[in-house]
Amino acid sequence: MCRERVSILLSLLLCGSVGAGQFVPFVIPSQPNAHSLISAAAAEPITTDSERLVANGEQFRRGKERVRLWGVNLSFGANLPRREDAPHVAARLAAAGVNTVRCHHLDTSRWPRGLWNSRDGKTIEPEALERLDYFIDQLARHGICVNINLHVGRAHSEYLGLPKANRQYDKISNIFTPALVNAQKEFAGKLLTRVNPYRKVRYADDPAVAIVEITNENSFFMWDSENTLRTLPPYYADILRGKFNAWLQKRYGSDEKLRKPWSQGIKPLGPNLLKNSDFRLTDTGRNVPRQWRLEQHSGCKASASRQRYRSTDALRIEIATANDTEWHLQFNQGGFAVKEGQYYTVVFEAASDKPRSISCGVGQAHSPWANLGLSRRVELNDQWQQFQCGFVARAGDEDTRLSFSFGGSETPFYLANVELRPGGRTGLNEGESIRTGSVALFGNNESPERISDRMRFLAETEKAYFDDMRKFIIDELGCKALVTGTIVFGPLGLYAQSDMDFIDSHAYWQHPRFPGRPWDSGNWLIDQKPMTDYPQQATLFRLAAERLKGKPFTVSEYNHPAPLDSQAECVPMLASFAAAQDWDGLWLYTYSHSSDNWDREHMYSYFDIDTNPAKWGFMRAGTVIFRDGGIGHVRQFAHVGLAPPRQDTLASLAELHRKHDRNMAAIVADKAAIDWQDMLTTRVAVILSTRAGVGEVEQAQLPAKAAWSVAGDKGAYVASGARASVYVGHADRLQNASEGQIDVSSPEFVVVTVSALDNKPLRSSQKVLVTACGRCENTGMKFSADRRTVGRDWGGPPVQIEAVTGTVALPQGQWKCEALGPDGIPRFRVAMSKGVLKLSPEYETMWYLLTR
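Quantities reported herein were computed from a predicted structural model and do not represent experimental measurements. (Residues numbered from 1 in each chain as written. Predicted model: local features only at pLDDT ≥ 70, side-chain atom pairs only at ≥ 80, totals over all residues. Heavy atoms only, no water.)

**Notes on the overall build of the protein**
Okay, so step 1: Helix and strand counts for the protein come out as 18 helices and 41 strands.
Okay, so step 2: Its C-alpha atoms give the protein a radius of gyration of 28 Å, near enough to 29 Å, the size a compact globule of 852 residues would have.
Okay, so step 3: Principal-axis analysis of the C-alpha atoms gives the protein an extent of 85 × 65 × 60 Å.
Okay, so step 4: The buried share of the protein, reckoned over its 852 residues, is 60%.
Okay, so step 5: Taking the intrachain contacts of the protein between residues at least 6 apart in sequence as the baseline, contacts between residues at least 24 apart amount to 74%.
Okay, so step 6: Across the protein, 101 positive and 95 negative side-chain charges occur, with their mean positions spaced 2 Å apart. (Helix = DSSP H or I, 4+ residues; strand = E, 2+ residues; numbered from the N terminus. Rg over C-alpha atoms; globule rule 2.2 N^0.38 Å. Buried < 20%, exposed > 50% of the residue type's maximum accessible area, 1.4 Å probe, protein only. Contact = heavy atoms within 4.5 Å. Lys, Arg positive; Asp, Glu negative; His and termini not counted. Charge placed at Lys NZ, Arg CZ, Asp CG, Glu CD.)

Next up, the structure:
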């Protein structure tokens, strides 16, 4: 039981206005202790006769019971643990309250990191399937269901002998290319019709296989999708153009009927807004032309000079040093104005010594440097080409800039006659005809109706793909699992997902950035910004706006990556906000990437949470907060209609997409004047059609209360319900923000949760867990001076937490408190004083268990 206190005092690593924190080791063991006082109650095993998880309106249910899914991702080899490890992994997940795992990147790699054989990658490795079979059975024995991702990282084109797609993992191309769609169906058939020898049923029939996801983060409307679509290799471009022309033929029937609507809104070009467009004017001692600016970031170097190339006077851009980040080298001109809703055309000529690409964009010439409607990548060669790029300004701005970004290659290139003019729209161009199938998916300068038709075509094509895949999985394979497509990408992406069984999304706060080579483990940055300090930028409100009325809503990837100093805010903020919004499923990304490294005692990477106490240490509290409804939902709701009455729904969604891109929070604010503050007290769901409404609903327990404020650049977030409370923020703000419930003297940034483990309200609970943590670091972790990276110097074991010094006010009662070790077993008795719990580093813990 309790032992004598032995304080382990480590060096103080953070100075703050309140006080520096003290680090103590806190290694949560890879195998759960059967005597842990905080393990979740054993769940009922999922047998082959168990009730299936179903979508019932806006909720998941098994029989008459509502189910909230609370889980983690498993990535790559972590889906395929060795037989001796699988029972312990399942048991540890269950002890924390996890009731679902998402099997992610199963299809990406060859054995032993994935399903495909290690020889040629063309067939599935039998041992991989055997491991997966056994693991699913072990998870089911602990009441944990699985979400199987069918396509994440497989590039089927490589194994079919097709041309290489222009996006990793065949994304976008595999939505419309018949051979790639058929390959996805073939893989789904092989996996879902497999009989699990431990379960004696097909995956398709097993209640433990609760969800099937068609494809991960894949849409015509995803990040940088327009550049992908504009630069499709000929094989894929021909297929998509053929589908587009067939769609136009069905919609209009003739070129004459097409030309009329596409000609609406055509305007001639206006005056040039740029100065010194031909680069003739230069200042003495300065090679960069007057009015233009050459930007060089992160050690990248370039220069500019006037030269004649292939009979054309031009500006030659030479690159001495470039990394893989395109915007680290830019050539731009600012200082002009654009008007919201106005159409503009950028025209320029360009060439290069060897093939390369550059990007052209128009955005703010000041913080926050927002894009205003144009972001286009173009391919150059040694012949002059004229490019025309049209766009509608998403917002007006008096200080706008046109910028060419050209990092990623040291090949020199040439620019000439750069202009930006209002107007310039065209409709059906000369030589284009649906009769001959020659209408391009993109024109140079498009009329509003041409843009709308393209977006409608893409949305309908995408929806047809997902609907067809779902039908194949359910009808042809006989799969009884719930089926979802991919995450939401703006209003048109939401439309494409609208007939899936539920709606899903992903978000990361401060995802690592890689200024050089993508995913270079030695060259990455994470900005040290607590989300608590930036509510207007927070991930949570964007997620809330992506919910579709009438469907369950989930977030299947979420993280605040290590080594953020504020990463402990991740689990409590997500769990409490999701509970208040009444969402239906959450999966943290990711539990682990490894199949055989479960006994680590230090953090492994940005995302793995299995050995990160700042994440895993809060999972038990998150179980109470979200899975068990310890924080109820807010009473008020708002249903936001996206399409006005008597208007074409898809046309309205396309207009919203042109205006706001993928930003559903901006759309909700536009349509219903609901901002982030409103979402703290109002559950939000959108409706594709015209219906809308607001109101309140009755609920049996105390509704959620949430408050989020920033004062002096320091944030504080507080959420509470009948059986749990969450306190996140800077120590000197938490006492007032919590109305005296929390008083912290160190560390400077802290996260505290209070959760009832006996399913009773806090005021009458007899078993309460207090979880408290500041930062989390490995021993010997070496940060850069600005704490934005550790490179490859992650340090080693043991992982440490920044222990909290402060007090927590408790409900009235005769409380006894024990400080728990990382295994959930009492280590110290903690003295109580007049209903106040005193937190201290001397107890070497983040877990305080109170009983009465």
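**Considerations on the packing of aromatic side chains**
Okay, so step 1: Using the criterion set out here, one finds 44 aromatic pairs in the structure.
Okay, so step 2: Ring geometry for Tyr-606 and Trp-794: centres 5.8 Å apart, planes at 70°, overall edge-to-face. Of the two residues, Tyr-606 sits in the loop between strand E24 (585-592) and helix H13 (613-616) while Trp-794 sits in the loop between strand E34 (776-779) and strand E35 (796-803), which places them 188 residues apart along the sequence.
Okay, so step 3: Judged by its relative accessible area of 9%, Tyr-606 is buried.
Okay, so step 4: Ring geometry for Phe-828 and Tyr-843: centres 6.1 Å apart, planes at 50°, overall tilted. Within this pair, whereas Phe-828 is found in strand E38 (residues 826-830), its partner Tyr-843 is found in the loop between strand E40 (836-839) and strand E41 (847-851), the two being separated by 15 residues in sequence. Comparing Phe-828 with Tyr-843, the two get one shared label, buried. (Phe/Tyr/Trp six-rings, centres within 6.5 Å; stacked < 30°, edge-to-face > 60°.)

**Considering the pattern of salt bridges**
Okay, so step 1: If you walk through the whole model with that rule in mind, you get 60 salt bridges.
Okay, so step 2: Salt-bridge contacts for Glu-446 lead to Arg-454; the nearest nitrogen and oxygen are separated by 2.5 Å.
Okay, so step 3: One salt bridge in this structure joins Asp-732 and Lys-714, with 2.9 Å as the shortest N-O distance. You can see Asp-732 sitting in helix H18 (residues 731-737) and its partner Lys-714 sitting in strand E29 (residues 714-720), a full 18 residues away along the chain.
Okay, so step 4: Its relative accessible area of 41% is what places Asp-732 among the partly exposed residues.
Okay, so step 5: Residues joined by salt bridges that share partners form a network here, namely Asp-565, Arg-775, Glu-777, Arg-787 and Glu-802. (Salt bridge = Lys/Arg side-chain N within 4 Å of Asp/Glu carboxyl O.)

**Digging into the sheet that holds strand E2 (residues 53-56)**
Okay, so step 1: In spatial order, the strands read E2-E3-E4; together these three strands make up an open sheet with antiparallel pairing. Only two strands of the sheet have a single partner each, and these edge strands are E2 and strand E4 (65-67). Adjacent strand axes in the sheet meet at a mean angle of 45°, parallel and antiparallel pairs treated alike.
Okay, so step 2: Strand direction decides the pairing type here: strand E3 (residues 59-62) and E4, joined by three bridges, are antiparallel. When the bridges of E4 are listed, Phe-60 appears paired with Val-67. (Pairing = 2+ DSSP bridges. Axes fitted to C-alpha atoms, helices over the stretch in contact; angles between N-to-C directions.)

**Observations concerning helix H15 (residues 649-660)**
Okay, so step 1: The first and last C-alpha atoms of H15 sit 16 Å apart over twelve residues, in line with the 16 Å expected at 1.5 Å per residue.
Okay, so step 2: Restricting attention to buried positions, one finds in H15 the residues Leu-650, Ser-652, Leu-653, Ala-654, Leu-656, His-657 and His-660.
Okay, so step 3: Close packing links the buried residues of H15 with helix H9 (448-476), helix H10 (490-496) and helix H16 (664-672).
Okay, so step 4: Where H15 starts, the residue carrying a side-chain oxygen 3.0 Å from the main-chain nitrogen of Leu-650 turns out to be Asp-648.
Okay, so step 5: Phi turns positive, to about 55°, at Asp-661, one or two residues after H15. (Expected span 1.5 Å × (residues − 1). Polar contact = N/O pair within 3.5 Å; in protein donor to acceptor, adjacent residues only side chain to side chain.)

**Details of the side chain of Thr-461**
Okay, so step 1: Relative to the assigned elements, Thr-461 resides in helix H9.
Okay, so step 2: In this structure the side chain of Thr-461 is engaged in a polar contact, spanning 2.7 Å, whose partner is the backbone oxygen of Phe-457.
Okay, so step 3: Once residues lying within four places of it in the same chain are set aside, the contact partners of Thr-461 are Phe-176 and Phe-220.

**Here's the deal with the packing of helix H12 (residues 570-581) against helix H14 (residues 619-627)**
Okay, so step 1: Interhelical geometry of H12 versus H14 gives an angle of 10° and a closest axis separation of 9 Å. Between H12 and H14, the crossing angle belongs to the class labelled roughly parallel. Contacts from Val-571, Ala-575, Ser-576, Ala-578 and Ala-579 of H12 reach H14 at Met-619, Gly-622, Ile-625 and Phe-626.
Okay, so step 2: Looking at the contact of H12 with H14 residue by residue, the class counts come to seven nonpolar, two polar and no charged. (Parallel < 35°, antiparallel > 145°, perpendicular 65-115°, else oblique. Nonpolar A, V, L, I, M, F, W, Y, C, P; charged D, E, K, R; others polar.)

**Quick word on the environment of Asp-584**
Okay, so step 1: Tracing the backbone through its elements, the reader meets Asp-584 in the loop between H12 and E24.
Okay, so step 2: Between the C-alpha atoms of Asp-584 and Asp-399, which are 185 residues apart in sequence, the distance is 44 Å.
Okay, so step 3: Asp-584 has contacts with Glu-58, Gln-59, Phe-60, Arg-66, Val-67, Arg-68, Leu-69, Arg-547, Pro-552, Phe-553, Thr-554 and Phe-626, leaving out every residue within four places of it along the chain.

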